[in-house]
Structures are given as C-alpha cells and as structure tokens.
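Working through the structure, step by step
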Amino acid sequence: MIPVPIAPAMPDAIFALTLALLLLAPLTIAGIALINTGLGRSRSAAQSLLGNLAIVAATAIVFAVVGAAWAGTAGFVDHSFQLAGKPWSWLGAGPLLLGGFSTATPQTQLALLFEFLAVALAALIPWGSGADRWRLTAGCASAAVLAAIVFPLLAHWVWGGGWLAQLGVNFGLGAGFQDAGGAATVHMLGGLSALAVVWIAGARTGKFPKEGFSTALPGHNAVYVLFGCLLALVGWLAWNVAGAVIWLHAPPAVLPVTAINTLLSASGALAATFTVTRVRFGKPDASMCANGWLAGLVASTACAGLITPGQALFVGLVTGIATPLLVELMELALSIDDPSGAISVHAVGGLLGLLAVGIFASQPGQLLAQLVGIATLLGVFLPLVYLLFRLLNRVAPFRVDPDGERIGMDLHELGGGAYPDFVIHRDESYR
Amino acid sequence: MKLAGLLVMPAGFFLTIGALVLFPAPAPRAAFVICGLAVEGLGLAVAVRGHMEARGESRL
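How each quantity is defined
Residues numbered from 1 in each chain as written. Chains lettered and ligands numbered in written order. Predicted model: local features only at pLDDT ≥ 70, side-chain atom pairs only at ≥ 80, totals over all residues. Heavy atoms only, no water. Helix = DSSP H or I, 4+ residues; strand = E, 2+ residues; numbered from the N terminus. Buried < 20%, exposed > 50% of the residue type's maximum accessible area, 1.4 Å probe, protein only. Contact = heavy atoms within 4.5 Å. Buried area = accessible area lost by both parts, 1.4 Å probe. Salt bridge = Lys/Arg side-chain N within 4 Å of Asp/Glu carboxyl O. Polar contact = N/O pair within 3.5 Å; in protein donor to acceptor, adjacent residues only side chain to side chain. Nonpolar A, V, L, I, M, F, W, Y, C, P; charged D, E, K, R; others polar. Lys, Arg positive; Asp, Glu negative; His and termini not counted.

In this section: the environment of A:Ala175. Residue and element names in this part refer to chain A. Mapping Ala 175 onto the fold places it in the loop between helix H6 (167-171) and helix H7 (183-201). Look at Ala 175 and you get partly exposed, because its relative accessible area is 37%. Separated by 190 residues in the primary sequence, Ala 175 and Gly 365 place their C-alpha atoms 8.4 Å from one another. With sequence-adjacent residues up to four places away left out, Ala 175 is seen in contact with Ala 165, Gly 168, Gln 363 and Gln 366.

This paragraph deals with the interface of chain B and chain A. The figure often quoted for interface size is the accessible area lost as the parts come together. On the chain A side, the residues contacting the 24 residues of chain B number 31 residues. Counting each side, the surface lost to burial between chain B and chain A is near 2,500 Å², with a carbon and sulfur contribution of 76%. For the interface between chain B and chain A, the tally reads zero salt bridges. For the interface between chain B and chain A, the tally reads three residue pairs in polar contact (both at pLDDT 80 or more). Elements with a contribution of two residues or more to the side of chain B that touches chain A: helix H1 (2-22) and helix H2 (26-59) of chain B. With 13 residues, the single largest contributor to the side of chain B that touches chain A is H2(B). Residue composition of the side of chain B that touches chain A, by class: 17 nonpolar, two polar and five charged.

What follows deals with the side chain of A:Glu115. Note on placement: A:Glu115 falls in helix H4 (residues 106-129). For the buried A:Glu115, no salt bridge is present, and the opposite-charge side chain at shortest range is A:Lys86, 25 Å distant.

Read these as geometric descriptors, not functional statements.
Okay, here's the thing in structure tokens:
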C-alpha cells in the first residue's frame, strides 16, 4: 500500500454542507440530459431521454457491484507494483458490493457518492454524440463497461491514491495530477468515449452526402438545450465546490471563490462563443453558444478551486473561442458527426482546464504532472475505450438498422413518439 | 489505418512513463514527456485520417 497524505478529519458542518452540495450536483446530469435530447431530432426525443435515465441506472448498479471496489479510496488497500524503486498503485482492492461502506469515514462516504455521480455523468456524455442512431441496449451496455472497468481504473489513478495522484510524492511533480472536479475522470473520459462511439456507429444517414458539404441537422428543441445549460450551472456550482472540499480538502474560505470561478469561466466562454459565431455567421448561434457555455463549465471543473477569478475568466475566454471553431472543424474537415458537440465541449474543454491547473500553479513540476495525466488519457484510455466498444459492438451492435433510423428511434425502439400529434380544437367561444 | 493510429498512441504513453522513470533531471524529463504527447498526437492524427478515408469511400 502506498503511504498517502491523510486527509484532515472533516468537521460535521463541512460534512453537512458537502452532502447538501452533492444532493444538488445531479442537476448537472439533468442539464446534460436535456441538452442531449434537445440537440437530437424530435423523432428520437423519448428514446434519448429514456436512454439518459437508463444509463444513470446502469452505471449506478454496475459501479456499486464492482466499480467502487476497483476505484478504491486513498489510504486503503490497493494493487501496486514496484518500478524504479517507486510504488505504482494501479487498481483499488476494496470489497465488492460496497462492503463496509456504512462504517467508512464521512470523507470516504462523500468521496464514493461523488464517484457515483461522476461515473453517471461520464457515461451520459457519449450518449449525446450517438443521438439518432445509437441503440438503447448498446448505450446501456457501453455505460456498464465504462462503470465496471474504465472509470474505476482512471478514478483510482486520479482520486484513489493511484500513481497519477502520487506523481508529486514519487517524482516531485507539484502536488501530483490535480483534477478536483473530474475534468479528466468525467469530461475527458466522456469526450474520448464519444469519439470512439462516433467512429464505431458512423454518421447519421444524409449527414455527409456524396457531393458537396455536410448537411446541417439542427437539434429539435433549442429551449431544452438552453434551459439545460441553466440547470447545469446550478449543478456545476455545487459539483465544483463539493469537489474542492473532497479532493483538495479546501478550507471554507476557498469555497465562494470556487463558485465564482465556475461562473466566470462559463460566462467568459459564452461571451467568446457569442462573439465568434456573430462574427462568422452574422448572428449568434444558439446551440453553439450553449456548447460554449458548457465548455466553460467543463474547463472550470479542473481548475475552479485552484486559480484566481481573473485566470478563470481567461480560461473561459480561451475555451469559448476554441469550442465553435473545433465543432466546425470536426464536422466540415474531419467528417465526425457529433450532434451534441461532446468531443469539442467535454474532451477539449476538460483538456484546457487541466492545462490551466498546470500553467497557473505555483508549485514547480505541476504542469508536467498535468501533461503526464493528459498523456495517460490519450495514450491509454482512448485506445482502451475504442477496443472495448469495438468488442461490445460485435455482441450488441451500436447502430440501428436503416429503417429504424428513417422512422426515428422513438417508434423503432419504444413504439411511440415523444410528442403527441397536434390536435386542432374548434374554439366554441367565438360563436 | 484507424487501428494503426490507435496502436501508436500507447507508445507515446510508454515514452512518457519512460521519461518519469529514466530522467530525474527536469529538462530531459519534460522534453521526453512532450515527445510522448507528440507521438500520441501523431497516432490520433493517423486515426482521424483513417476515419476520413473510410467516410470518403462510403460516400462513393
């Protein structure tokens, strides 16, 4: 077992505050679910929203059964090996089925609750990218794979006292890889999984015609998307503050500035995306602005508790400029059909946030620790997720058949649509 | 081609790990970590290129 710094005992008031914040944090999941649904087509809306619910359920069950044991907790038993005289902790070795959870310390219980929410959000992110063609069963199965294998591995390395968390102790790289809110474990992992899904499922029919540019297939409900963004803000404020308490052991004085940084990052990103789309298209683009806002929130996830408000605004501005350009690049130049923009928003937004932690850190070596973490995500987790999803695709095919795609996922998979037909009633009062 | 690109990416990761283990001095360690990231970037570029070629063929 690796000797890890023992977290200070948590006062009851801080425990109560953090628990309350974690009970608000699922609003992030609700916001992302609305955004995923709004950015898809109307004929797939019920399947999309049911898929969001089913994925949350699947991840919760699978993570409780095996994932939590492998994610482990800092300071508890783990699997490790020696390399170059240093211990490398690579997997947790906790009890299955949440054994011993009720007698764990308050800090451990909060950390586990945080991980339950984190794995659900990570698995929801690719669901939006596979909209209008990804089968419900395959979506749930892929969420189960993420919750059982991929997320626990990464969560142990980053949050469970694994080798990335120990880069500071073992190699003198700052405070080790820092990811207080899950920019790596949730958003980059989710964004890279979205890339794997898009590669495997392929583009929507008609998206890339034989001749000419790609076809625009706009989302069916901008109100869902924009309201989802507002809902996500509430969840994100709670999420980042709770993350700062649980993973950074931040004192109460740091918590208000963490919330302010979250808001500033999102605001800067929205302002930048609004300006970029207005300059490029003559008018601001609503769905692109939503993506910019979300990317600002994602970037804040890594760094909100560690930087100043001015730096948070700068991070948001950079993210907001990059997001619309990347969304366009993915679609027009790289032939990647990502309806929710999850790859640009979550993978790249998370990456920018993780880099910001290193760039604005005061400890020497922190930037290198962040780069090692990013290299791990790209070099291990993207190939791993792609391989696992390719294997899964053989058992549970990701893509719906062409007829199903034509009539819509609602009718094909659920047997009924999300919206009732318009019924015209005669208004008797005018007689 | 996509698989080839994805196979190159872990090579970049092992280069990064090698930098941590083999180079205690900050400058060469940082240089090798950046080289590892560059290799991963190349692998990703090859994988994306493979995806674009596959899409181009499916359009015909």
